[in-house]
Amino acid sequence: MLNDPQVAICGAAAGAIQNLSREQQSKAEIMEADAVPPLTELMFGADVPAQVCAAGALLNLLGPHLEADPVTGVQQPEHLARRQALTRIVMLSLVTGMAFHGLYTDDD
C-alpha cells in the first residue's frame, strides 16, 4: 500500500505503520518487510499529512536504535549524532514538502 499511485492510500498506510511500529513485534515485522525506503520516499512528496505519518513511522522504527543503551542508560556519542541527523532529515523533508505544497498547488 505504500507504493500505491494514490497518495492518500500511501498516507493512510504510513499512518497505520506509525501506529503499529510502537510495538516491538510489529516493528520487527515492518523492518523485515523493508518499509523504510517507501516511507522515506513518501516524506519527500507533496502530501503533508502523508509526510507527517511517514516521518512518525520512521522515527518509531529507526529512532529507538539511536537512543541510550537500555541497560546502562549511557548515550553513545555516535548514536546522538545519528539521531540528530535523522531528526534534521525528517524536519527538512517536512518543510520542503510544505513549501512545495504552498508554492506549486492550487487550492482554488
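Residues numbered from 1 in each chain as written. Predicted model: local features only at pLDDT ≥ 70, side-chain atom pairs only at ≥ 80, totals over all residues. Heavy atoms only, no water.

## Quick notes on the packing of helix α1 (residues 7-20) against helix α4 (residues 48-62)
Orientation of α1 relative to α4, taken along the N-to-C sense of each, is 30 degrees, at an axis distance of 8 Å. Taken as axis vectors, α1 and α4 run roughly parallel relative to one another. The element α1 and its partner α4 pack so that their crossing is left-handed. Facing Val7, Gly11, Ala14, Gly15, Ile17 and Gln18 of α1, the residues of α4 in contact are Ala50, Val52, Cys53, Ala54, Gly56, Ala57, Asn60 and Leu61. (Axes fitted to C-alpha atoms, helices over the stretch in contact; angles between N-to-C directions. Helix = DSSP H or I, 4+ residues; strand = E, 2+ residues; numbered from the N terminus. Parallel < 35°, antiparallel > 145°, perpendicular 65-115°, else oblique. Left-handed = near helix turned anticlockwise from the far one by under 90°. Contact = heavy atoms within 4.5 Å.)

## Regarding the packing of helix α2 (residues 24-32) against α4
Close contact between α2 and α4 brings their axes to 10 Å; oriented N to C, the two are set at 105 degrees. In terms of axis orientation, α2 runs roughly perpendicular to α4. Taking contact as the criterion, the partners of Lys27, Ile30 and Met31 in α2 are, on α4, Asn60, Leu61 and Leu62. The class makeup of the residues in the contact of α2 with α4 is four nonpolar, one polar and one charged. (Nonpolar A, V, L, I, M, F, W, Y, C, P; charged D, E, K, R; others polar.)

## Brief notes about the environment of leucine 20
With respect to the helices, strands and loops of the structure, leucine 20 is situated in helix α1. Note on leucine 20: relative accessible area 47%, which makes it partly exposed. Discounting residues that sit within four places of it in the chain, leucine 20 has contacts with Ser26, Lys27 and Ile30. (Buried < 20%, exposed > 50% of the residue type's maximum accessible area, 1.4 Å probe, protein only.)

## Things to note about the environment of leucine 62
Positionally, leucine 62 belongs in helix α4. The exposure class of leucine 62 is partly exposed, given its relative accessible area of 24%. Between the alpha carbons of leucine 62 and valine 36 there is a distance of 8.9 Å; along the sequence they are 26 residues apart. When residues no more than four places from it in sequence are discounted, the contact partners of leucine 62 are Met31, Val36 and Leu86.

## Quick notes on the confidence of the model for the protein
Counting all residues, the mean pLDDT for the protein is 80, and 77% of those residues have values of 70 or more. Mean pLDDT in the protein bottoms out at helix α5 (residues 77-104), which sits at 72, and peaks at α1, which reaches 93. (pLDDT = per-residue confidence, 0-100.)

## Quick look at the nonpolar core
Ranked by size, the top nonpolar core spans 21 residues in total, and within it Leu2, Ala14, Ile17, Leu39 and Leu42 carry the most contacts. Only α1, α3 (36-43), α4 and α5 provide two or more residues apiece to this core. Examining the composition of this core, we find that seven residues originate from one element, α4, more than from any other. Alanine 14 has contacts with Leu2, Leu39, Leu42, Ala50, Cys53, Ala54 and Ala57, leaving out every residue within four places of it along the chain. (Core = buried A, V, L, I, M, F, W, Y, C linked by side-chain atoms within 4.5 Å.)

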